[in-house]
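The chain contents come next:
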Amino acid sequence: KNQVEQSPQSLIILEGKNCTLQCNYTVSPFSNLRWYKQDTGRGPVSLTIMTFSENTKSNGRYTATLDADTKQSSLHITASQLSDSASYICVVSDEFSGGYNKLIFGAGTRLAVHP
Amino acid sequence: GAGVSQTPSNKVTEKGKYVELRCDPISGHTALYWYRQSLGQGPEFLIYFQGTGAADDSGLPNDRFFAVRPEGSVSTLKIQRTERGDSAVYLCASSLTPRANVLTFGAGSRLTVL
């Protein structure tokens, strides 16, 4: 079973609308949870990083939430723009297993923003 | 350099051939990671280097895959006797230290095995 599950797999929204992407994980314990944006043909770029003690973290129009009790996170995108079209990947860092950032990636949600 | 550079950006090869993929991390970054990303999936961990040594190679799928980082900077991922199932994007990332929160990814090398 994948340790990081994301939903939906894909999403189409109109420009200017908001959306929320979901992430459930089973990795435990974990040191931090990240959301990455990956444009087609590019490497992932970090949007937010939250430790287990943080509930929310914002980066411009992106707001991530974390509930460590239920092992759920969400990424909310406000006032979407065409440039938001990308894959959004939830990543859990299992630092404790080897003393380094051992990242476990979800499969991502592919977001398409249409005009 | 300013970012993580990967070459080639695209590689098409025939089944059974040998392939080398190169990663040039950000100058001064001691930690270097290789990931493999299949179509529609998230990246999967292959190997982690701290300096010149492979500190964790538990993600390498089999002994056809090997990676080196002889001088602690540039790394090469080597794949012998390529198979069609090896087709994927191979991503490299680096970070200043092993526990640094910021990992910078390269654009990846897309490998297609015919």
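Worth saying up front: this structure is predicted, and the values here are computed from it rather than measured. Every chain's residues receive numbers from 1 upward, in the order its sequence appears when written. The order in which chains are written sets their letters, starting at A; the order in which ligands are written sets their numbers, starting at 1. The model is predicted, so local features are restricted to residues of pLDDT at least 70 and side-chain atom pairs to those at 80 or more, both for listing and for counting; the totals for chains, interfaces and linings are taken over all residues. Side-chain metrics in this entry use all non-hydrogen atoms of the structure; hydrogen atoms and water are not considered.

Digging into the overall build of chain B
The condition that has to hold: By the criteria applied, helices consist of DSSP H or I runs no shorter than four residues and strands consist of E runs no shorter than two, each listed in order from the N terminus. The buried label applies to any residue whose accessible area, calculated with a 1.4 Å probe on protein chains only, is under 20% of its type's maximum; exposed applies above 50%, and partly exposed to all values in between. The contact criterion used is simple: two residues touch if any of their non-hydrogen atoms lie within 4.5 Å.
Counting secondary structure elements, chain B contains zero helices and 11 strands. What you see in chain B, going N to C, is helices and strands ordered as β-β-β-β-β-β-β-β-β-β-β. Along the three orthogonal principal directions, the C-alpha set of chain B runs to about 35 × 25 × 25 Å. Scored against the burial criterion, the 114 residues of chain B give a buried share of 46%. Looking at chain B alone, contacts between residues at least 24 apart form 54% of all its contacts between residues at least 6 apart.

Some remarks on the interface of chain B and chain A
Filter applied, for reference: Accessible area that two parts lose when put together, evaluated with a 1.4 Å probe and summed over both, is termed the buried area. Salt bridges are defined as contacts in which a side-chain nitrogen from Lys or Arg sits within 4 Å of a carboxyl oxygen from Asp or Glu. Polar contacts, as counted here, are pairs of nitrogen or oxygen atoms within 3.5 Å of one another; within protein the pair requires one atom able to donate a hydrogen and one able to accept it, and residues that are adjacent in sequence qualify only if both atoms are side-chain atoms. Under the convention adopted here, Pro, Cys and the residues Ala, Val, Leu, Ile, Met, Phe, Trp and Tyr are nonpolar, Asp, Glu, Lys and Arg are charged, and Gly plus all remaining residues are polar.
The partner chain A presents 19 residues to the 20 residues of chain B that form the contact. Both sides together, the interface formed by chain B and chain A hides about 1,600 Å², and carbon and sulfur atoms give 51% of it. When residues of chain B are sorted by the area they lose upon contact with chain A, Arg 99, Asn 101 and Phe 105 of chain B head the list and together hold 31% of the total. Between chain B and chain A we count one salt bridge in total. Here Asp 56 of chain B ties to Lys 102 of chain A by a salt bridge, and the two come within 3.3 Å at their closest N and O atoms. Across the contact surface, chain B and chain A share two residue pairs in polar contact (both at pLDDT 80 or more). The greatest single-element share of the side of chain B that touches chain A, amounting to three residues, is contributed by strand 4 (residues 31-37) of chain B. Here the side of chain B that touches chain A is built from residues that sort into 11 nonpolar, seven polar and two charged.

With respect to the sheet that holds strand 8 (residues 72-77) of chain A
All names here are of chain A. Inclusion rule: Paired strands, in this sense, are two strands between which DSSP finds at least two bridges. Lines fitted to the C-alpha atoms define the axes, with helices restricted to the stretch that makes contact. Angles between their N-to-C directions range from 0 to 180 degrees.
With antiparallel pairing, the five strands of this open sheet are ordered in space as 1-3-8-7-6. On the outer flanks of this sheet lie strand 1 (4-7) and strand 6 (56-59), each paired with one strand and no other. Ignoring strand direction, the axes of neighbouring strands in this sheet form an average angle of 15 degrees.

Observations concerning the nonpolar core
Going by this rule: The definition of a nonpolar core used throughout is a set of buried Ala, Val, Leu, Ile, Met, Phe, Trp, Tyr and Cys residues joined through side-chain atoms within 4.5 Å.
Within the largest apolar cluster, 24 residues are counted, with the highest numbers of intra-cluster contacts made by Val 4, Leu 33, Trp 35, Leu 75 and Tyr 88 of chain A. Secondary-structure elements contributing two or more residues to this core are strand 3 (19-25), strand 4 (32-38), strand 5 (45-51), strand 7 (62-67), strand 8, strand 9 (86-93) and strand 11 (109-114) of chain A. Not counting residues within four places of it along the chain, the set of residues in contact with Tyr 88 of chain A comprises Gln 6, Leu 21, Trp 35, Tyr 36, Lys 37, Leu 47, Tyr 62, Leu 75, Ile 77, Gly 108, Thr 109 and Leu 111 of chain A. Grouped together as the second largest cluster of nonpolar side chains are 20 residues, Leu 46, Leu 60, Phe 65 and Tyr 90 of chain B included.

Note that every value here comes from positions in space, so none of it alone points to a role or purpose.
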